[in-house]
Amino acid sequence: MNLPIIALLLAEESNGHGLPIPAVWYGTIMFILLMGSLMITLAFANKGRELPADPNADH
């Protein structure tokens, strides 16, 4: 097992930066990604509920 490697990683001191980019940019990007995912989900949510096409209607 890799217990010495895990112990070494856990013992390593943090440099004080939890995010690789500023928090404002991280929050903005995450908000946009999550809203995009929500819009895609909502777009597919009603796909099964649509009324079937009327076979006798003029198209």
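Going by the structure above, here's the rest.
Residues numbered from 1 in each chain as written. Predicted model: local features only at pLDDT ≥ 70, side-chain atom pairs only at ≥ 80, totals over all residues. Heavy atoms only, no water.

On to the overall build of the chain. Regarding its fold elements, the chain presents two helices and zero strands. Taking all 59 residues of the chain together, the buried fraction comes to 0%. Counting every atom, the chain has about 6,000 Å² of accessible surface; 68% of that belongs to carbon and sulfur. (Helix = DSSP H or I, 4+ residues; strand = E, 2+ residues; numbered from the N terminus. Buried < 20%, exposed > 50% of the residue type's maximum accessible area, 1.4 Å probe, protein only. Areas by Shrake-Rupley, 256 points an atom, 1.4 Å probe, with all protein chains shown as cover.)

Turning to a nonpolar patch on the surface, a few remarks are in order. A grouping of L19, I21, W25, Y26, I29, M30, L33 and L34 is seen on the molecular surface, where their side chains present a nonpolar patch of about 750 Å² in accessible area. Mapped onto the fold, L33 is located in helix α2 (residues 23–45). (Patch = residues over 30% accessible without salt bridge, like charges linked within 9 Å, V, L, I, M, F, W, Y side chains within 5 Å. Salt bridge = Lys/Arg side-chain N within 4 Å of Asp/Glu carboxyl O.)

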